[in-house]
Structures are given as structure tokens and as C-alpha cells.
Amino acid sequence: MKYGLTKIAGALLAAGFAFNTAAADITIAYPSDPISMDIHEQLSGGMMQLSHMTFDPLVRWTQDLQFEGRLAEKWERIDPLTVRFTLRKGVKFHSGNDFTANDIAWTLDRLKTSTDYKGLFEAFASAKVIDDYTIDLVTTEPYPLLLPMATYIFAMDSKFYTGVDENNKDKSAIIKFGNTFASNNMSGTGPFKVKSREQGIKWEFERFDGYWDKQSPGNVDNLTLVAIKEDATRVAALLSGDVDMISPVAPNDHKRVKQNNKLELVTLPGTRIITFQMNQKSNPALQDVRVRQAIVHAINNEGIVKKIMKDFATVASQQSPQGYLGHTPELEVRYDLKRAKQLMKEAGYENGFKLSMIAPSDRYINDAKIAQATASMLAKIGIKVDLKTMPKAQYWPEFDKCAADMLMIGWHSDTEDSANFTEFLTMTRDEKTGMGQYNCGYYSNAKVDKLVNDANTETDTTKRAAMLKEVETILHNEAAFVPLHWQNLSWGANKKLNMKPVINVMEFPYLGDLVVAE
Amino acid sequence: MFTFLLKRLVQATIVMLVISLVAFAVKDNLGDPLRELTGQSVSEAERQKMRTEMGLNDPFVVQYKRFLINAVQGDFGTSYTFNRPALEVILDRLVATLELVFAATLIIIGLSIPLGVYCAINPKHGFSKLVMAISSIGISIPVFLTAILLMYVFSIELGWLPAYGRGETANWLGWESGFFTLDGLAHLILPAFALASIMLPLFIRLVRSEMIEQLSSEYVKFAYAKGLPQRRVWYLHALKNTLLPVLTVGGVQIGTMVAYTILTEKVFQWPGTGFLFLDSIQRTDTPVITAYVIVVGLIFVITNTIVDLLYGLINPTVNLTAKG
């Protein structure tokens, strides 16, 4: 009978007799679903989306990359090492427990034991609980990225996750390849609770009655998150009305979504930079800055964006996208074939040389096509490229060995900060500090190293910006790497979903605030 | 019969051992599972620590021995993405795959026999020529194209059927299936037709050629001479004998269809084993990959054995012991 009633309701809705209620049920499709219910098990896009749906961070990013308080009402730096947060009162966890400063301290301690987060939270000492609603986050050195990192501190219900489960295992344990209490049970403060989940297929969420944020305009009651891996199927599901929102929309399908009058396509310039590294260790020719410049000048990245990416990317001349502290607008895109040939001649490689190149074929948008285009562009200045593309599962072990002269890598800064790019991609490799972990160019410049290290303890934003801009300029002048473009982000959705206010460049829409028109 | 089964069992064990060795040997070339398990900023030292904990740094022989000992006890390792036993994950998904294969089988049987028989009886009729032409084209169109075309026409343009997934399921006599709900059935139609399209042309041709052969045989001529009505000769005498070889060939084909669902499942996001297998390859979830290869290998071995047994039952002149 219940089923019959829903059918009748559905038919009435379809016939235009829409009920005047504020509630809405929607289905969203992403390529894959979160792999666990434990938000500290992995740092990935899917897990961040889950965190923002079921938990709340201390502060979160706004669309223009500023901060807004969530569980923190306000915050102030009380000394170079300490920021004091005043927490929101009256916040409840899904379990019914009250949220207090102890939960934040507990969460921070847990983050410091997580494989994926411990590196990012290295600068943090334990938190100091002043009273139930005041907490000091203390760092070991003056730390400019304290607020960006606070966007990762999603309060976990310390009472709920303390103790042992029925198998006598610690409830707070984080194990990536095993069953834990936290990977199957959840209690956060977020707008949604997990109703059911079939891993790899779908997750069902329902709105949490006791959600603290009464100001939130969000009116989604039941939200289903489904995984649809195939690009064409995901778009088909949106076009046929099986799902209400998808992300990403493959560049080839943009036109079809735009042409459909029930649907809306929203794109944002993204922050993931796609680059080629030039391995100075495996190919001595690349030690010559003129050769590296020649390569950068020979690659028409504007053409790549236009022809291969169908304008679904932003041409890059540096690592930092617009809005980041280190973004230096003066740095220009360098494509100039004549200059490239001249540089090759000056370096004594008039007749060119051979180099090997590797790229993944299923990691970034059109990655293999970009690599092929680049290889043919380099042929114009006499560089013969031996290109190998492979699936990412095989690519990363090769990349870890730096097993070619030119290697493709894309990078998104986990801290939404310029220094992060340099730390991982262009700083001198150092096993001990972990700097330059993905620097297969073996580019090394003491000045760059010093500038980034100094910037990481500089809390004055103006001074820090100057340092990071100088880094970008040096990398540009020395052609430390080949910048290609920043990948754009895309969402396709039914027009009744008011998507624009909730999306952001981090690719985790704040779905708790999503408004669905009747 | 018993000796045959015993021999088969020994052979099957050897085959399974070889399959397990191959499945286990390729896993190291599939990539590094740690990449998918960890975020980008995790240090190499941290990754090495995890590899050691997971036993991935042990020599091949040690790993294989450990795998075999566990596998004999039914433990194929724990999936890295599901955090559950790999075999359990596969068996869970196998229900969806079998449902799809079953639906496709119904379509194949329901269409191939009438069409094949019709084409055999009226070889010169225009409709027969059309059926044969379409089945020629059908056999040469890859399944993912059929699937995308079906999806384009029936879900995007006409909006009649859902484009992806399995839909609602209901439980009947302990069988959790989409056959028992309208929503589940609607979700089944497109993938089942796409999957059936691989084998359907083959079956139509098989039924047709067998039927033609029977129709020109001595006993059919004799039946006509005896004055039996034409319909009785066609549908009782000839059809019965047509179906015998179709059953044996068909049995193998349908048994192996479980392994051919990969592309169909991929396009329709059907949550079965084929889709799981592809997904696991992309995520380098090696325990699931190894377990899948072994399970599929086992299905092949079992179907072949059953078909051999059936052969013996249908045609008692086949000597099973000699065959084994």
C-alpha cells in the first residue's frame, strides 16, 4: 500500500500537481564512491565529499577561497605559535552526544596517527583545551597554513569512537586494509546521516534532524550517491533523468548537456596543474637551461587547451592558479617556435636529440592525447620523442623510479596553497624531510628551497606572498618544468537544483546547503 | 561414470593450480596497490612500512605459498577497497551477474528457437533472409556499441527505460533479485538484451542449420512417406533432434557467458562480477583480481564437466571413461 501511494504521488507530481513542501530527494552520480566510512582512512576527493556531508570542519573554504566558521565561531592568533578557536555551542553529534572542545583535541590526535594525514599535520602539537568551548591549536613553529589545515579538522564524536567493539578491537583504530569499527560506523555533526550503503554501488543519506545549522537553506531530505564510472553512462543517466546531478561531465558531452533545456552545466576553473618534468639525471641535455626553455617554448599549450581540451582547461605558465598566494600574473605563456629553435642552436643541439617520455592514459583528462601532441610538437625542434603511455596502475611505479626523460604529473595542492606545489614537485629531493618527493626533474635550487622553507614559517601574508611569487618567477626563468594547464571542473544538473551557491574549486559541493526548487 | 568424475577432479585440480599460479604471477605487474590506497602526500617511507605490513615485500615463493595455504581454506585474501574477504565480495556480486545471464538466456532461448526454426522451414522467405542478414550484422557489432545504442534510443531519446544500475530488488524464497519488482525488471531489460546480442545470432544460426540438417534426413522423409502431418514432423520429430546439439553447445556458451558480462556490465554500471573485476584492475585490488580469475576458471571447469556428463546421458554411445 505504501508503495502504491508513492506511485500515485509520483504520478501527481509528474502531472504538475506538485505538493508544496520544502523537502526534496535527489540522486547524484560520481565516478566512484567513498571507500570507507572512516574519514581519516584516506585523503581523497571522495572522502572529502563524504566528510562535508556527514561531519563539519572547524572552518571551511568559501567560493573565493576565504574562510567561514563552521564548528568554530571565531578565531584569533594569540601568539606566533597559537590560534585560539571559540567553538559553537549546542552542536549535537548523530549519536546524541554533545560536541565540545575535547572532541576537537581527540580528532587532532587521531589525525596525527593517520597514514594519509600525519604528514600534513606534522607542524601541529597537541591541542590545548581551555574550556568546553575554547581550544588552542598550537604548532611547533610559526605556521601560516593553520587555517587551511583547520578545514581538515572534522570533529569526530570522541565518546562514540572510544572503547572496544564486539570483536574486542579498539574503536578508534585506522586500518587501510582491514575492517574497523570506524569504517562501518559513523557519528559526526554534519547535515546528513548514512542510512545505508552498498560499497561501489550506492550510498543513501538522510538529513539529520538535530543539525545545528538552522540558517542553512538546504532542503534535501534524502540524498542518494551512486557510482557510475563510465563517462558516457553517467551523462546518459543525467539526460534520461535517472539522476539529478553528475560530476564530472566529459568535455565531449558539454554541448549535449547545455542543449537540454531541463539541464544546466556549470564549470569552474580548477586548481589541478598538469605538467611535464624534465629529468636532468637521466638526460644530461636537460641540465642546460636553454634546452629546457626550448622545450617549454616549443610546446603550444594554448593549442592543447583549445584543440584537445576543447577549452575545458586554463592555460598555465606557472604552478599556482589564480587566487593562490603565489600566483604571479606577470608570468606569460611562452609558446614561440622560432625562439625555441634559436635556443636549441645556442645550446649546441641544432640537430636535436632523442628523449624518452612517459604519461598515464587514464589519470588526467585526455592525458595520453596531450602527451602525443607534445611529442609531435617537440619533433619540430628536432627532439625525437620515444613516448610510452600506460594505465595509471602501471604508470606510478614507473614514475616513482623516474624512469624516463620527460614525465607527466598533475598536482592539486592539499593545502590550497602555492608552497605545496614546490614542496612536492620542484624542491631538492630530500629523503629525510620528504621534500621533492615527486621531483623527477631532479631540479635543485638552494634559493627556491630556502624561500619555500622560510615561507612555511612566515605568518605575515604579504611577506609570504612575495616569497612565493619569487619562487614562481625563478622556476619560470629556469624552466624547471613544463606547465601545461589547470584542469577545469564541471557539474551537470537538473535546473531545479540551485547548484551555483554550493560548488567550489575543491570539488566538494556543500550539499547540506543545496536548495532544490519544487 | 565414477572413474570419469575422479579423473576429472584430478585434472581440474591441476588446471586450478595452474590458473592460480598465473593469476598470482600477473598481480605484481598490475601496478602498485599502495598508490590507490594512500593520498598523494604520503611519504615513501610510510608506504614502505605499509607494504611490509601487508606482506608485499616478501619473496614471490613465500607470498604464493601463503596464498595457497589460505586459498585451500577458502581465504583468498582481503580486498583492499572493500576491507572484506575477496571471495565474499565476488560471491555477493555474482548474484547480479547470474541474474543478468539468466535474463539474457531467456531472451536467447525465446528468440533463437522460433526464429531459427522459421528460417529453416522457409529458407527462401523474405523474413528469413532479413533475420539472417540482421544476425550477420549482429555478430559483427561489438557489444559495447550495441549497449550504447540501446541506451541512447531507449533511455535518452525515448525515456522508457533506465540507463544504468540494477534497480530495486526483492527477496523471494531466499533469492534476492530484480526479477520480482517492476523497477528491477525495467533495469534488467537493456543490459539483458545487450548481453543476449552476443550469442543470439550464433544460436539462431545453430538452430537453423541443425533443423535444416534434420529436415533432409532419412527419418523425416520416412515420416512424410508414412503420411504424418507436416506440422507433426516439424515440431515433434525434427525439432526434438535439433535441440540435442543445441543444448550441449548452448550449455557451454551460457556457462561461459558469466565471464563475458564484463563489457555489458561496464557500460550499464551493472553491479556484477565483471564490473567488479574491471574496477579492481583499475584500483589494483589484487586479492579480488586473483580470486575472480580463479572463480571464473572454476566455472569453466564445472560447465565443461557437466556438458560432458550431459553428452553421455543424451547419447549413451559416448564412452565417458575413455573421454576423461
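Quick notes on the rules
Residues numbered from 1 in each chain as written. Chains lettered and ligands numbered in written order. Predicted model: local features only at pLDDT ≥ 70, side-chain atom pairs only at ≥ 80, totals over all residues. Heavy atoms only, no water. Helix = DSSP H or I, 4+ residues; strand = E, 2+ residues; numbered from the N terminus. Buried < 20%, exposed > 50% of the residue type's maximum accessible area, 1.4 Å probe, protein only. Contact = heavy atoms within 4.5 Å. Areas by Shrake-Rupley, 256 points an atom, 1.4 Å probe, with all protein chains shown as cover. Lys, Arg positive; Asp, Glu negative; His and termini not counted. Charge placed at Lys NZ, Arg CZ, Asp CG, Glu CD. Salt bridge = Lys/Arg side-chain N within 4 Å of Asp/Glu carboxyl O. Pairing = 2+ DSSP bridges. Right-handed = clockwise from strand over helix to strand, strands pointing away. Disulfide = S-S within 2.5 Å. Patch = residues over 30% accessible without salt bridge, like charges linked within 9 Å, V, L, I, M, F, W, Y side chains within 5 Å. Buried area = accessible area lost by both parts, 1.4 Å probe. Polar contact = N/O pair within 3.5 Å; in protein donor to acceptor, adjacent residues only side chain to side chain. Axes fitted to C-alpha atoms, helices over the stretch in contact; angles between N-to-C directions.

Description of the overall build of chain A
Summing up its helical and strand segments, chain A has 14 helices and 19 strands in all. For chain A, the proportion of its 518 residues judged to be buried stands at 58%. Partitioning the contacts of chain A with sequence separation of at least 6, the portion at a separation of at least 24 is 69%. Surface accessibility of chain A: about 21300 Å² in total, with carbon and sulfur atoms responsible for 49%. Between the mean site of the 60 positive side-chain charges and the mean site of the 65 negative ones, chain A shows a separation of 5 Å.

A short note on the pattern of salt bridges
Residues and elements named next belong to chain A. Under the counting rule described, the total for this entry stands at 22 salt bridges over all chains. Two residues, Lys447 and Glu470, come together in a salt bridge whose shortest N-O distance is 2.8 Å. Here Lys447 is found in helix α13 (residues 446-455), whereas its partner Glu470 is found in helix α14 (residues 461-477), with 23 residues between them in sequence. According to the relative accessible area criterion, Lys447 is partly exposed, its value standing at 46%. Glu470 sits in the partly exposed class, given a relative accessible area of 31%.

Points about the pairing of strand β14 (residues 353-360) of chain A
Residues and elements named next belong to chain A. For β14, the tally of buried residues reaches 6 of 8 residues, placing the bulk of the element in the interior. The pairing of β14 with strand β15 (residues 383-390) spans 8 bridges and is parallel. Bridge pairing links Ser356 to Asp386 in β15. The handedness of the β14 to β15 crossover, carried by helix α10 (residues 367-379), is right-handed. Here β14 runs beside strand β16 (residues 406-411); their pairing, made up of 2 bridges, is parallel. Within the sheet, the bridge partner assigned to Met357 lies in β16 and is Met406.

Things to note about the pairing of strand β8 (residues 192-198) of chain A
All names here are of chain A. In the sheet, β8 pairs with strand β9 (residues 202-207) via 6 bridges, with the strands oriented antiparallel. Bridge assignment links Val194 to a residue of β9, and that residue is Phe205. Between β8 and β9, which pair antiparallel one after the other, the connecting turn spans 3 residues, and Gly200 there sits at a positive phi close to 85°.

Notes on the state of the cysteines
Residues and elements named next belong to chain A. Applying the stated criterion to the full structure yields 1 disulfide over all chains. The residue that forms a disulfide with Cys402 is Cys440, at a sulfur-sulfur distance of 2.0 Å. With the S-S bond torsion at -80°, the cross-link from Cys402 to Cys440 turns out left-handed. With Cys402 in the loop between α11 (392-400) and β16 and Cys440 in the loop between α12 (418-425) and α13, the pair connects residues that are 38 residues apart, well separated along the chain. Accessibility expressed as a relative area gives 6% for Cys402, which makes it buried. Of the residues examined, Cys440 reaches a relative accessible area of 0% and is grouped as buried.

Some remarks on a nonpolar patch on the surface
All names here are of chain B. A cluster of nonpolar side chains, Ile137, Ile141, Phe144, Leu145, Ile148, Leu149 and Leu263, forms an exposed patch at the surface whose accessible area comes to about 580 Å². Looking at the nonpolar patch element by element, the count peaks at 4 residues for helix α7 (residues 143-157). Mapped onto the fold, Phe144 is located in helix α7.

Re the interface of chain A and chain B
Size of an interface, as often reported, equals the accessible area lost when the parts are brought together. Listed by partner, the interface residues are 47 residues for chain A and 46 residues for chain B. A combined buried area of about 3800 Å² lies between chain A and chain B, and 50% of that area is made up of carbon and sulfur atoms. Summed over the shared surface of chain A and chain B, the result is 3 salt bridges. We note a salt bridge from Lys229 of chain A to Asp279 of chain B, for which the minimum N-O separation is 2.5 Å. Where chain A touches chain B, the interface holds 14 residue pairs in polar contact (both at pLDDT 80 or more).

Describing the sheet that holds strand β6 (residues 128-131) of chain A
Residues and elements named next belong to chain A. Taking strand neighbours across the sheet as the criterion, the 4 strands line up as β4-β5-β7-β6 in an open arrangement whose pairing is antiparallel. Edge strands, defined here as strands with exactly one partner in the open sheet, are β4 (72-79) and β6. Taking the axes of each pair of neighbouring strands and ignoring which way they run, one obtains an average angle of 25° across the sheet. Note that β4 and strand β5 (residues 82-87) share 6 bridges and pair antiparallel. Residue pairing across strands places Ala72 opposite Leu87, the latter belonging to β5. Contacting β5, β6 and β7 (134-138), helix α3 (residues 101-111) runs over the sheet at an angle of about 20° to β7.

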